[in-house]
Amino acid sequence: MTDHPRKGTAAAPGSPDFALHTLGWRAFQDLCAAVLREVWAQSVHTFADSNDGGRDGAFYGTWQQPPDPIGVQDVPDGPFVLQCKHTKKADTTLAPSDLDDEFAKVQALVDRGLCGSYVLLTNARVSGTSEATIRRRLLDAGVAYPLVLDGQWICDTIATRQRLRTFVPRVYGLGDLSQILDDRAYTQAQALLGYLREELATFVVTDAYRRAVQAVQDHGFVLLLGEPAVGKSVIAATLAMTALDAWDCLTVNAHDADGLVRHWNPHEPNQFFWIDDAFGAVRHEQQLTDSWSRHMRHVMTAVRGGAKVVLTSRDYIYRDARPYLKEYAYPLLHEQQVVVDVAQLPLHERRQILYNHIKLGDQPREVRAKMKPHLDAAAATEPFHPEVARRLGQQAFTRHLEPTKQGITDFMARPTAFLRDVYAELGPDEKAALALTYQAGEQLPAPLNLDASQNDVINRIGSTPAGVSRALLALTGTFLRLASPHGSDSTTGWSFRHPTLQESFAEFMAADPNLLGIFINGLNWRTLLTRIDCGTEQQRGTLLRIPPTLYPAVVKRLCEAEPQARGNYAYPAEWYNFFATRCSDAFLRLYTEADPQFVSQLTRLISFLDAIHEPKVLARLHQAKLLSPEQHSRIREKVATLAVETPDAAWLRDPEWQILFSKSDQQYLLQRVREDLIPDLDWVLDVWRDNYPSNEEPSQYYSTLQEQLRTYREAFEQDTEVADALDQAIAEVEETIDSSYNDYEPGPDEDLDIRGRINVSGQEHSRSRSIFDDIDS
C-alpha cells in the first residue's frame, strides 16, 4: 500500500481558513468548548450568553497542564473563565471597544473569586495592538492570566487536530479540504461533499453521533436505527468523511452486502463501508436480509482485518429483518453493543438542528422573523424529524404555511399531509419530472434519453421533454438529488432527496388510477416488483398501492416477464419478496391461476432452508389456502430429506415453517431425524470435515453445523438418549474446530488494533438566551 502523507499536516500552501462566520452564536460557542476539551484536555462547562455573569464557559478545578499545549503556557491554578465572541461578518477585526461590556463584568468576577485566568476566543481577526490593549485592560481588572485567541488560531487548531474534527465534522464543509487532507483522501472527500455539502453545513453533533463514533472505533461496526427522516443517513455520511480524515480510510458507499464483499480488499485494511437502508428502503426486503446473513462471515472477517462498517435501517424494517439475521455469526449485534438509536434527541440538540436548517435555508428574513417566536415550540414537537426541520427552512415546501405556532407545529407533526398539498400544486413539468424519477427506480440517468413509456408518462401528465429537463434542474436540491453514488459504478442521475419524499409522491400518484395504469405498463418487471403493493396496506412503508381493478394488468405483466425473471432455474430475490410480502389473497389467487407452474417451481427446495427464499412464498400461499394437499406433502418430504442429510434444522427455527407445518408435521419430521440422522452423526461429521476449506476460519465454517445440532438438541430436550448423542456430536465439532486451526493461515491483519478512542460527553445547556435570537439577522 502506498504511504500517505502524515495526516494533520497541510497538503496545500498557506494558512487554513474555515468559514466560522457562517456558524450561529451557539454553534460557535460549542465549537470553542470542543476546541478546549480536545486541545487542552480540560473539562469545559458552557453557560448561556445571558445572565451568565460575563461567562460563556468556565472551567473549575486544578488546571492540569496538557502534554502538548497550543497557545498556552504555565496557566496558573485557580478559576478559569472562557469568553466567546462571534461575528457573522467575514474578515472582521475585533476592536477593544467591542468588549467594553465584558471588561465591566470582569472586575465583578475577580472580586467574587471566579476568574483567575481569562481566555477570549473569537472568529474575528485580532491585531497585535488590539491584543495588547485587551490584555492590559484585563490585567487592570485583576485577571492574573489573560489570553486572546483569534479566528486564525482556531482555524490552525482545527487543521492540525484530527480528533477535534471527528467531533466537530461541520468544519469539513467550511474550508479548503486540501489544507487538511492528502491527495487521495482529498479526491474522495470532494466526491463525498457532492452528497454531503448541505448536510455538513447544518450538521449537529448529537449523542447518537458520538455513540456511533465510539462503536466504530471500539468494534469496527455500527448499525444506525431510527424512524424515517431522523438523520441516520446524514450521520453515516458524516462518519464517512471522518473516516477519510481521522482514520485514514478509503470510503465505499455500497448498496448491499454483495457490494461490500465485492469491494472489500484484504490487502487494504483501512476501508470504510457505508450502506444505507441495509434491509430495505421503505419496507423489509427479504433478499437483502438474506444476503447479509449469507455474507456475515465475510463482513466480520473484513472488520477483524481493520475495515469499518456502518449500516442504516428504519427501526420497523430492522425488527422484521432481525429474526432472519444469523446473530450468532456476530455476537455484538445480538448483545446490542453496536446498535445506535438515532431518534433519541434531547431538546437542546433539536433546537440546534432546527436553527441550522432555518438559518441556512432559503426563507426570506421577514418569514424567519415571523417564525422566530414559535421555533422553540417546533423543536419540542413530537415526533421531531430533522428532515422535516430541513423542509421548514425551504420555500418550496412552505408556500402556504401559516407562520403561527399552530401552523408551524402542524407542519412538523404532520409532514405527509403538507407534502400531498405541495405535490398537488406543482405544475405538469414538475409532476412529470418526479414521476419519471419514481418510475426509474434507483436513479433516473442524466442526461435524459427517453423511451416510449417515459414519453407516454410525460404526454399523459401534460408536459414536454423540454419542460421535464427544466423541472429536473429546478427540483434539484429540494425534492431531488443529482449525484453519482460514491464508491459505486452507477452513472450520474437524479433520485429523490429523501425516502420520505418518494413515499409521499407514491401516495399522491396512487390517487390517480389513470396514472397507475401508465406506470404498470411502463415499468420493467424488476422495478415493478419493488415499486408496487397489491393489497397489504397494513404494512409500513408506502409504495404504489394497486387497486383490485388493476390486478389483472399486473398479473399479465408478470406472467409475460416470468421466463426472463426465472432464468435458468431460480427467480431473483425481488420476485420472492414481492409474492411473500406485498400480495393479497385475491392477487395470489389470480396469479397462481394464470401461472400453473409457479407453485411447483417453488417446491424445489435446497439447503440451507434459512438461506433460500422459497419457504417465505410457500408460507404466504399456505396462509391464502392456495397449496393443495399433494403440494404440501411434497414440501414436507423434501424438508425431511434435508433435515437428515445436511442436516438442516431451519424448519424448527424460522417463522415461515411454523406457518407451513402443523404440530403433527413437526412430530413427523422429528421422528425422521431421530430414526435417520442420530444413528449416523459420525458420518455427518466426517462429511463436514472432508469439505473443510483450509483458507476459511474454522469457527466460521463449522458455525452453521453447530447451529443445526444445537437446534435439534433443544428440540430433543426431553429425550435423554437423543440429547446425549447430540451433546457428544457438538463436543466433537468443538474439538474439530480447535484441531483445524493447525491448518488455518489467518490474514496479516486478523486482529483489529483499536487506537485513539475518543470520549467526549455532551451536555445540556442552560438557556436564558434563546438559540433562535439571531435567526432573522
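Residues numbered from 1 in each chain as written. Predicted model: local features only at pLDDT ≥ 70, side-chain atom pairs only at ≥ 80, totals over all residues. Heavy atoms only, no water.

Caption draft 1: The sheet that holds strand β6 (residues 221-226), seen in detail. Ordered by their spatial adjacency, five strands build an open sheet running β7-β8-β9-β6-β10, and the pairing between neighbours is parallel. Both edges of this open sheet fall to β7 (250-254) and β10 (339-341), since each of them pairs with a single strand only. Each adjacent strand pair in this sheet contributes to an overall mean axis angle of 20 degrees, direction not counted. Note that β6 and strand β9 (residues 308-314) share six bridges and pair parallel. Among the inter-strand pairings, Leu 225 is bridged to a residue of β9, identified as Ser 313. (Pairing = 2+ DSSP bridges. Helix = DSSP H or I, 4+ residues; strand = E, 2+ residues; numbered from the N terminus. Axes fitted to C-alpha atoms, helices over the stretch in contact; angles between N-to-C directions.)

Caption draft 2: Highlighting the environment of Gly 142. The residue Gly 142 is located in the loop between α3 (128-140) and β5 (145-149) in this model. What makes Gly 142 partly exposed here is its relative accessible area of 38%. (Buried < 20%, exposed > 50% of the residue type's maximum accessible area, 1.4 Å probe, protein only.)

Caption draft 3: Representation of the sheet that holds strand β11 (residues 444-445) within the structure. In spatial order, the strands read β11-β13-β12; together these three strands make up an open sheet with antiparallel pairing. The sheet is open, and its two borders are formed by β11 and β12 (480-483), each paired with just one other strand. Both β12 and strand β13 (residues 493-496) contribute to a ladder of four bridges, which runs antiparallel. Across the sheet, the residue bridging to Leu 480 is Phe 496, located in β13.

Caption draft 4: Expanded view of the side chain of Ser 504. If you trace the backbone, Ser 504 turns up in helix α22 (residues 499-510). Given a relative accessible area of 4%, Ser 504 falls into the buried group. In this view, Ser 504 contacts Thr 416, Leu 419 and Tyr 423; residues no more than four positions away in its chain are not counted. (Contact = heavy atoms within 4.5 Å.)

Caption draft 5: Up close: the state of the cysteines. For the coordinates displayed, the defined rule picks out zero disulfides. The closest cysteine sulfur to the non-disulfide-bonded Cys 32 is located on Cys 84, 3.9 Å from its own sulfur. (Disulfide = S-S within 2.5 Å.)

Caption draft 6: Region of interest: the packing of aromatic side chains. All told, the structure shown has 26 aromatic pairs when counted by the stated rule. Relative to Phe 772, the ring of Tyr 355 has its centre 6.5 Å away and its plane inclined at 40 degrees; by these criteria the two rings are tilted. You can see Tyr 355 sitting in helix α13 (residues 347-359) and its partner Phe 772 sitting in the segment after α36 (720-740), a full 417 residues away along the chain. On the numbers, 5.8 Å between centres and 45 degrees between planes, the contact of Tyr 423 with Phe 479 is tilted. A residue pair is termed long-range when its members are at least 10 positions apart, and Tyr 423 in helix α18 (residues 415-425) and Phe 479 in the loop between α21 (465-475) and β12 qualify at 56 residues. Among the residues examined, Tyr 423 registers a relative accessible area of 0% and is labelled buried. The exposure class of Phe 479 is buried, given its relative accessible area of 1%. Pairwise contacts between aromatic rings join Trp 525, Tyr 551, Trp 575, Phe 578, Phe 579, Phe 587, Tyr 591 and Phe 598 into one cluster. Positioned above the aromatic ring of Phe 397, the side-chain terminus of Arg 391 is 5.9 Å from the ring centre. (Phe/Tyr/Trp six-rings, centres within 6.5 Å; stacked < 30°, edge-to-face > 60°. Lys NZ or Arg CZ within 6 Å of the ring centre and 35° of its normal.)

Caption draft 7: Molecular detail of unusual backbone geometry. Look at the link from Ser 607 to Phe 608: it is a cis peptide, with omega at 0 degrees. The topology assignment puts Phe 608 in the loop between α28 (598-602) and α29 (614-623). With omega at -10 degrees, the peptide bond leading from Thr 646 into Pro 647 counts as cis. Summarising the element assignment, Pro 647 is placed in the loop between α30 (629-645) and α31 (650-653). We note that Asp 91 has phi near 55 degrees; this positive angle belongs to a residue other than glycine. Backbone geometry at Lys 625 places phi at a positive 60 degrees, although glycine is not the residue there.

Caption draft 8: Spatial organisation of helix α25 (residues 551-566). With 16 residues, α25 extends 21 Å from end C-alpha to end C-alpha; this agrees with the ideal 22 Å at 1.5 Å per step. If you look at α25, its biggest bend is around 40 degrees, right at Glu 560, and the proline Pro 563 turns up within four residues after that. All of the buried residues along α25 are Tyr 551, Val 554, Val 555, Arg 557, Leu 558, Ala 561, Glu 562 and Ala 565. (Expected span 1.5 Å × (residues − 1). Bend = angle between axes of the 7 residues up to and from the residue.)

Caption draft 9: Structural detail: α21. Buried residues of α21: Gly 467, Val 468, Ala 471, Leu 472 and Leu 475, and no others. What you see down the axis of α21 is that its buried residues fit within an arc of 140 degrees, all on one side. Across α21 from its buried face, at more than 90 degrees, point the exposed residues Arg 470, Leu 473 and Ala 474. Tucked inside the fold, the buried residues of α21 contact α19 (428-440), β11, α20 (452-461), β12 and β13. Count one or two residues on from α21 and you reach Gly 477, which has phi positive near 105 degrees. (Arc of directions from axis to C-beta.)

Caption draft 10: Representation of the nonpolar core in the model. The biggest cluster of nonpolar side chains holds 126 residues, and the ones touching the most others in it are Leu 392, Phe 479, Leu 558, Trp 575, Phe 579, Phe 587 and Trp 651. Excluding residues that lie within four positions of it along the chain, Phe 587 makes contacts with Cys 534, Tyr 551, Val 554, Val 555, Leu 558, Phe 578 and Phe 579. (Core = buried A, V, L, I, M, F, W, Y, C linked by side-chain atoms within 4.5 Å.)

Caption draft 11: Up close: the packing of α19 against α20. Between α19 and α20, the least distance of the axes is 9 Å, while the angle of their chain directions is 150 degrees. Accordingly, the angle class assigned to the pair α19 and α20 is roughly antiparallel. For the pair α19 and α20, the sense of crossing is right-handed. Touching Pro 428, Lys 431, Ala 432, Ala 435, Leu 436 and Gln 439 of α19 are Ser 453, Gln 454, Val 457, Ile 458 and Ile 461, all from α20. Across the contact of α19 with α20, the residue classes tally to seven nonpolar, three polar and one charged. (Parallel < 35°, antiparallel > 145°, perpendicular 65-115°, else oblique. Left-handed = near helix turned anticlockwise from the far one by under 90°. Nonpolar A, V, L, I, M, F, W, Y, C, P; charged D, E, K, R; others polar.)

Caption draft 12: Quick peek at the pattern of salt bridges. The final tally for this structure, using the stated rule, is 29 salt bridges. Residue Asp 140 is joined to Arg 136 by a salt bridge in which the shortest nitrogen-to-oxygen separation is 3.5 Å. With Asp 140 and Arg 136 both in helix α3, this residue pair falls four residues apart, about one helical turn. Overall, the relative accessible area of 45% leaves Arg 136 in the partly exposed class. In this structure, Asp 776 engages Lys 372 in a salt bridge whose closest nitrogen and oxygen atoms are separated by 3.2 Å. Placement of the pair is Asp 776 in the segment after α36 and Lys 372 in the loop between α14 (365-371) and α15 (375-379), with a sequence separation of 404 residues. (Salt bridge = Lys/Arg side-chain N within 4 Å of Asp/Glu carboxyl O.)

Caption draft 13: Structural view of empty space enclosed by the protein. Taken as a whole and judged by the stated rule, the model has six cavities of 30 Å³ or more. If you trace the largest cavity, you find it lined by Val 388, Arg 391, Phe 397, Phe 411, Pro 415, Phe 418, Leu 419 and Val 422. Looking at the lining of the largest cavity, the element that brings in the most residues is α18, giving four residues. By residue class, the composition of the lining of the largest cavity is seven nonpolar, no polar and one charged. (1 Å grid on protein atoms, 1.4 Å probe; cavity = no way out; pocket = protein on both sides within 12 Å on 5 of 7 lines; lining within 4 Å. Points joined across faces, edges and corners; volume = space filled by probe spheres on them.)

Caption draft 14: The arrangement of the pairing of strand β4 (residues 117-122) in detail. Burial analysis of β4 places six of its six residues in the buried class, the great majority of the element. Covered by surrounding structure in β4 are Ser 117, Val 119 and Leu 121 together with Tyr 118, Leu 120 and Thr 122, the residues of both alternating faces. With six bridges joining them, strand β3 (residues 80-85) and β4 adopt parallel strand pairing. In the strand pairing of β4, Leu 82 is matched with Val 119. Chirality of the crossover, the property in question, places the unit of β3, helix α2 (residues 100-111) and β4 among those that are right-handed. Here β4 runs beside β5; their pairing, made up of five bridges, is parallel. Looking at β5, one finds that Val 119 is bridged to Leu 147. Taken together, β4, α3 and β5 form a β-α-β motif whose crossover is right-handed. (Right-handed = clockwise from strand over helix to strand, strands pointing away.)

Caption draft 15: Expanded view of the packing of α19 against α22. Contact geometry for α19 and α22: axes closest at 11 Å, N-to-C directions at 110 degrees. As summarised for this structure, α19 and α22 are arranged roughly perpendicular, according to the angle between their axes. The segment α19 lies against α22, with Lys 431, Leu 434, Ala 435 and Tyr 438 engaging Gln 502, Phe 505, Ala 506, Phe 508 and Met 509. A class-by-class count of the residues in the contact of α19 with α22 yields seven nonpolar, one polar and one charged.

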